[in-house]
Amino acid sequence: MNSPFHDQISRRPRIFNVLHKLRLIAPQTQTHPAERAVLKRYIKECVAAVEVGTYMGVTAAELASELPQGGMLYCVDPYLNDDPYQRVAQRHFARQKVTSRIQILAATSTQAASVLPAEVDFFFVDGDHSRKGLEADWRVVLQLLKKNGVAAFHDTSPVHEKDRNSIEAIAFFDEVIKPDRRFKLVETCMSTNILVRLA
Ligand SMILES: C[S@@+](CC[C@H](N)C(=O)[O-])C[C@H]1O[C@@H](n2cnc3c(N)ncnc32)[C@H](O)[C@@H]1O
C-alpha cells in the first residue's frame, strides 16, 4: 500500500518524476498485491493483452512479465497535458526489463480501439471510473475481446470506505456487465471482478 508521503507526492507529478528518476521513490498503484497475483494467473497464455488506465505502470510491468514469448501488452492511457506519469511508467518498464513486451497508446480506450488488435485475449480495465467512462471501456471490450477471452474490472466491487470514488463503476458493473449473458463471472478478488467471454 502507498504511504501518506507517497500519496502527497503523487499529487505533484513533476516532482514525483524527478524523484523516480533519481531512484528516491517507487512508483505507486491502487491495485493490491493479491489482485495482481490473480490477474497474472489469467494473462499467462495471452498473446494480445490490453490495460485500460496504466498510470505509473506498476500493474502493467507485472502483467507483461507473465506474457508468453511474442505476447504484447497494450497500455492505453490518455496521459493528458504531457502527464509526467507516462515518463515514470516508461522508466519503470525499462527498469523491470519489460519494454519490449509493452506498447503505450496515449489515448482513451475509444480512441485506441481502431489501432488495437482486432482479437484481444485479455483486458484489465482500470481507467475512468465514472459511469460514462466505464461504459465506453465496456463497448471496446465488447468490440475486441475474443471468445474465451478474459476481462477484468478493477474497482467494481466495494472493499473500503474510500470506494465511494468508484460508486458509479460499481453500479455499472452490477447493472450491465455482471448480468450480461455473453460473459461468466469466474472470480472476484477484493475490488477486481474477472469474467470470461463465453464461446
Ligand atoms: C487508477 S489509475 C490506473 C492504475 C493502474 N492500472 C495500476 O494498476 O497502477 C487510472 C488511470 O486511468 C487513466 N484514464 C483516465 N481516463 C481514461 C480513459 N478514458 N481511458 C484510459 N485511461 C484513462 C488516468 O490517466 C490514470 O492514469
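Here is a short report on the structure shown in this document.

Definitions and cut-offs
- Residues numbered from 1 in each chain as written.
- Predicted model: local features only at pLDDT ≥ 70, side-chain atom pairs only at ≥ 80, totals over all residues.
- Heavy atoms only, no water.
- Near = heavy atom within 4 Å.
- Polar contact = N/O pair within 3.5 Å; in protein donor to acceptor, adjacent residues only side chain to side chain.
- Areas by Shrake-Rupley, 256 points an atom, 1.4 Å probe, with all protein chains shown as cover.
- Patch = residues over 30% accessible without salt bridge, like charges linked within 9 Å, V, L, I, M, F, W, Y side chains within 5 Å.
- Salt bridge = Lys/Arg side-chain N within 4 Å of Asp/Glu carboxyl O.
- Helix = DSSP H or I, 4+ residues; strand = E, 2+ residues; numbered from the N terminus.
- Buried < 20%, exposed > 50% of the residue type's maximum accessible area, 1.4 Å probe, protein only.
- Pairing = 2+ DSSP bridges.
- Right-handed = clockwise from strand over helix to strand, strands pointing away.

Brief notes about the site of the ligand
Around the ligand, 17 residues are found, and the nearest of them are Thr29, Gly53, Thr59, Asp77 and Asp126. Here an oxygen atom of the ligand sits 2.6 Å away from a polar atom, N or O, in the side chain of Asp77. Take Asp126: an N or O atom from its side chain is 2.8 Å from a nitrogen atom of the ligand. A total of 600 Å² of accessible area belongs to the ligand in isolation, and the protein chains cover 83% of it.

As for a nonpolar patch on the surface
A contiguous nonpolar patch, built from Val18, Leu22 and Leu24 and spanning about 310 Å² of accessible area, is present on the exposed surface. With respect to the helices and strands, the residue Leu22 is situated in the loop between helix H2 (13-21) and helix H3 (33-43). Residue classification places Leu22 among the exposed positions, given a relative accessible area of 54%.

Examining the pairing of strand S4 (residues 120-125)
With six of six residues buried, S4 is to be regarded as a mostly interior element. Pairing of strand S1 (residues 48-52) with S4, which is carried by four bridges, proceeds in the parallel orientation. Directly across from Ala49, in S4, lies its bridge partner Phe122. Bridging between S4 and strand S5 (residues 145-153) involves five bridges; their strand directions are parallel. When the sheet's bridge partners are listed, Val120 is paired in S5 with Leu145. Handedness of the β-α-β unit built from S4, helix H7 (residues 131-144) and S5 comes out right-handed.

Just distances and angles here, no functional claims.
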